[in-house]
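Now for the letters of each chain:
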Amino acid sequence: MTIHTARRMQGMPASAVREILKVAERPDVLSFAGGLPAPELFPARELGQAFEAVLRKSPGAALQYGITEGFLPLRAWVADRLRARGIAATPESVVVVSGSQQGIDLTARVLLDPGATVLVENPSYLAALQAFTAYEVDVVALPGDSDGLRTDLLEDAIREHQPALIYVVPEFQNPRGATLASHRRHELAAVALRHGVPVLEDDPYGALRFRGTPSTPVAALAGDLTFHLGTFSKTLAPGLRLGWVHGPRPVMRTLTIAKQACDLHTATLTQHAVVELLRSFDYDAHLEVIRAEYRLRCEAMLRTLEHTMPPGTRWSTPDGGLFLWLELPPGLRDDEVFHAAIEHSVAVVPGNGFFVGPPQHGFLRLNFSNQSVENIELGMARLGRTLHELLARSSADAMGIQ
Ligand SMILES: Cc1ncc(COP(=O)(O)O)c(C=O)c1O
């Protein structure tokens with residue numbers, strides 16, 4: 001007997017990255033595939049103390065059901081941080097969610113009717129595409145470059161597609177690691193405001209800038225129309241599943257109702273423990289440590305790529321975040337590189353899975369946060385050898401044909 005699954009699930013792509021992570025688990029494989037933060041930087045001891053303290057001091061409140069909007073002191077902390085970045089947030093405009101992924105899903109649930117259009121950057125964060133697909137919408141992708149989304153194409157795209165939402169990751173985007181340039185942020189905000197199109201600004205990486213000057217969030221420029229997502233996943237630990245959505249008050253009420261239907265509220269114990277942690281822990285000093293370490297790792301990757309990659313290979317130079325984006329030399333495909341790299345005990349993500357529309361096989365996503373400098377040097381040397389061998393093989397094949 002076959003069980004019918006809903007139409008909304010039928011167009012949803014499986015995450016290519018999660019499939020790849022299974023292969024990358026082989027103990028001999030050095031993985032640059034996952035988007036994983038460095039576990040040695042998780043404040044495990046301090047979190048342990050914070051959990052212990054709330055269970056000792058206020059077990060009743062910490063273990064009880066809570067309100068859907070989230071623990072007020074946590075929302076107040078988030079609102080303060082957002083205001084420091086120019087975003088007009090208050091505790092009432094913030095809803096605590098179970099990771100920013102849930103924020104994407106809830107925003108989509110609240111704003112998108114079936115058949116609506118969402119504008120995204122190409123390539124884009126895969127799990128956002130999955131979330132949008134579940135609401136039976138059309139996803140239209142505009143190209144991006146090293147300065148992020150091509151906002152010069154936005155106005156024509158809005159006229160043509162009448163989108164209900166624009167989704168952007170302006171800081172160190174996943175997968176390209178690109179940052180949306182300042183003039184493009186202003187252009188995005190101006191066009192969105194002119195046409196009244198809401199913007200979903202997904203910002204999991206903004207606190208991880210290790211080069212350059214901080215940029216103005218889109219939510220500070222197009223406030224009334226922007227939903228801004230943040231998370232503790234990359235700064236404390238993803239296992240906490242703790243993030244937030246800030247947005248226009250009336251819609252946040254609807255989003256709260258949507259969250260109620262979804263999971264009532266985010267884990268009370270985790271929220272209380274993180275508030276306890278933030279009282280005693282120097283969060284900004286902790287961010288400095290993470291940034292310094294990721295800078296070292298990113299620089300090690302850039303330096304090693306310089307020495308190991310064949311001519312014709314190009315890559316991005318991110319100012320923060322977890323990823324860089326590598327463009328393969330002409331003639332090589334991401335999927336063949338992936339399989340050959342596994343033979344050399346190194347895992348990368350083929351770029352194709354991040355694209356909307358026609359396949360594009362010339363790219364790889366490389367994560368630099370989850371391996372030591374030593375392993376990055378070793379892994380990139382293995383990847384370089386893989387590319388050299390594939391190129392030598394394809395030129396030998398070509399000569400054989402002649
Ligand atoms: C662009 C982007 N948005 C959202 C998320 C989800 O983060 P969270 O752990 O807060 O749900 C990720 C995770 O990698 C991401 O890359």
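So, here is what we can say about the structure in this document. (Residues numbered from 1 in each chain as written. Predicted model: local features only at pLDDT ≥ 70, side-chain atom pairs only at ≥ 80, totals over all residues. Heavy atoms only, no water.)

**A few points about the sheet that holds strand E3 (residues 117-122)**
Turning to step 1, where the next piece is worked out: In spatial order, the strands read E2-E9-E8-E7-E6-E3-E4-E5; together these eight strands make up an open sheet with mixed pairing. Sheet topology places strand E2 (94-97) and strand E5 (148-149) at the edges, where each strand pairs with a single neighbour.
Turning to step 2, where the next piece is worked out: Where E3 meets strand E4 (residues 138-145), six bridges bridge the pair, whose relative direction is parallel. Counted as the bridge partner of Glu121 is Leu142 from E4.
Turning to step 3, where the next piece is worked out: Contacting E3, E4 and strand E6 (165-168), helix H8 (residues 154-161) crosses the sheet at an angle of about 150 degrees to E3. (Pairing = 2+ DSSP bridges. Helix = DSSP H or I, 4+ residues; strand = E, 2+ residues; numbered from the N terminus. Contact = heavy atoms within 4.5 Å. Axes fitted to C-alpha atoms, helices over the stretch in contact; angles between N-to-C directions.)

**Focus on the pattern of salt bridges**
Turning to step 1, where the next piece is worked out: A full pass over the atoms with the stated rule returns 28 salt bridges.
Turning to step 2, where the next piece is worked out: Residue Arg314 is joined to Glu327 by a salt bridge in which the shortest nitrogen-to-oxygen separation is 2.9 Å. Residue Arg314 is found in strand E10 (residues 314-315), and its partner Glu327 is found in strand E11 (residues 323-327); the two are separated by 13 residues along the sequence.
Turning to step 3, where the next piece is worked out: A residue is classified by how much of its surface remains accessible, and Arg314, at 52% relative accessible area, is exposed.
Turning to step 4, where the next piece is worked out: Connected through shared salt-bridge partners, Glu155, Asp156, Arg159 and Arg194 make up one network. (Salt bridge = Lys/Arg side-chain N within 4 Å of Asp/Glu carboxyl O. Buried < 20%, exposed > 50% of the residue type's maximum accessible area, 1.4 Å probe, protein only.)

**A few points about the packing of helix H5 (residues 72-84) against helix H12 (residues 268-280)**
Turning to step 1, where the next piece is worked out: Where H5 contacts H12, the two axes come as close as 9 Å, and the packing angle between them is 50 degrees. The orientation of H5 with respect to H12, classified from their angle, is oblique. With respect to the hand of their crossing, H5 and H12 are arranged in left-handed fashion. Contacts between H5 and H12 involve Pro73, Leu74 and Trp77 from the former and Gln271, Val274, Val275 and Leu278 from the latter.
Turning to step 2, where the next piece is worked out: Here the residues of the contact of H5 with H12 sort into six nonpolar, one polar and no charged. (Parallel < 35°, antiparallel > 145°, perpendicular 65-115°, else oblique. Left-handed = near helix turned anticlockwise from the far one by under 90°. Nonpolar A, V, L, I, M, F, W, Y, C, P; charged D, E, K, R; others polar.)

**Some thoughts on the side chain of Thr266**
Turning to step 1, where the next piece is worked out: Mapped onto the secondary structure, Thr266 falls in the loop between helix H11 (249-263) and H12.
Turning to step 2, where the next piece is worked out: Look at Thr266 and you get buried, because its relative accessible area is 2%.
Turning to step 3, where the next piece is worked out: At 2.9 Å, the side chain of Thr266 forms a polar contact with the side chain of Ser98.
Turning to step 4, where the next piece is worked out: Once you skip the residues sitting within four places of it in the chain, Thr266 turns out to touch Val96, Val97, Ser98, Gln102, Arg241, Leu242, Lys259 and Gln271. (Polar contact = N/O pair within 3.5 Å; in protein donor to acceptor, adjacent residues only side chain to side chain.)

**Quick look at unusual backbone geometry**
Turning to step 1, where the next piece is worked out: Here Asn122 and Pro123 are connected by a cis peptide whose omega angle stands at -5 degrees.
Turning to step 2, where the next piece is worked out: In this model, Asn174 is joined to Pro175 through a cis peptide bond whose omega is 20 degrees.
Turning to step 3, where the next piece is worked out: Mapped onto the secondary structure, Pro175 falls in the loop between E6 and helix H9 (182-195).
Turning to step 4, where the next piece is worked out: Phi is positive for Gln162, close to 50 degrees, though the residue is something other than glycine.
Turning to step 5, where the next piece is worked out: When you line up the elements, Gln162 lands in the loop between H8 and E6.
Turning to step 6, where the next piece is worked out: Residues other than glycine seldom take positive phi values, yet Arg241 does so here, at roughly 50 degrees.
Turning to step 7, where the next piece is worked out: Considering the arrangement of structural elements, one finds Arg241 in the loop between strand E8 (226-231) and strand E9 (243-246).

**Digging into the pairing of E9**
Turning to step 1, where the next piece is worked out: Burial of E9 is two-sided: the residues Gly243 and Val245 facing one way and the residues Trp244 and His246 facing the other way are all buried.
Turning to step 2, where the next piece is worked out: Bridge count for E2 against E9 is four bridges, and the pairing is antiparallel. Bridging from a neighbouring strand, Val95 pairs with Val245 of E9.
Turning to step 3, where the next piece is worked out: Examined bridge by bridge, E8 and E9 share four bridges and lie antiparallel to one another. Residue pairing in the sheet places Gly230 in a bridge with Trp244 of E9.

**Focus on the pairing of E6**
Turning to step 1, where the next piece is worked out: Neither face of E6 is open: one carries Leu165 and Tyr167, the other Ile166 and Val168, and all of them are buried.
Turning to step 2, where the next piece is worked out: Relative to E6, E3 is paired through two bridges, and the arrangement is parallel. Paired with Val118 across the bridge in E6 is Leu165.
Turning to step 3, where the next piece is worked out: Here E6 pairs with strand E7 (residues 199-202) via three bridges, running parallel. Bridge assignment links Tyr167 to a residue of E7, and that residue is Leu200.

**So, the packing of aromatic side chains**
What characterises a pair of aromatic rings is the spacing of the ring centres plus the angle enclosed by the ring planes.
Turning to step 1, where the next piece is worked out: Within the structure shown, the criterion is met by twelve aromatic pairs.
Turning to step 2, where the next piece is worked out: Ring centres of Phe210 and Phe368 lie 6.0 Å apart, and the angle between their planes is 70 degrees; this geometry places the pair in the edge-to-face category. Of this pair, Phe210 sits in the loop between E7 and helix H10 (218-221) while Phe368 sits in the loop between strand E14 (363-367) and helix H15 (373-401), and the two are 158 residues apart along the sequence. Phe368 matches Phe210 in its accessibility class, with the two residues each being buried.
Turning to step 3, where the next piece is worked out: For the pair Trp325 and Phe354, a centre-to-centre distance of 6.3 Å together with 75 degrees between the ring planes defines the contact as edge-to-face. With Trp325 in strand E11 and Phe354 in the loop between strand E13 (349-350) and E14, the pair connects residues that are 29 residues apart, well separated along the chain.
Turning to step 4, where the next piece is worked out: Taken together, the ring pairs in this structure connect Trp77, Phe232, Trp244 and Tyr283 into an aromatic cluster. (Phe/Tyr/Trp six-rings, centres within 6.5 Å; stacked < 30°, edge-to-face > 60°.)

**Regarding the environment of Phe132**
Turning to step 1, where the next piece is worked out: The topology assignment puts Phe132 in helix H7 (residues 126-133).
Turning to step 2, where the next piece is worked out: Residue classification places Phe132 among the buried positions, given a relative accessible area of 0%.
Turning to step 3, where the next piece is worked out: Between the alpha carbons of Phe132 and Val337 there is a distance of 30 Å; along the sequence they are 205 residues apart.
Turning to step 4, where the next piece is worked out: Leaving out residues up to four positions away in the same chain, Phe132 has contacts with Ile104, Ala108, Leu112, Val118, Val120, Val137, Val139, Leu165, Tyr167 and Leu200.

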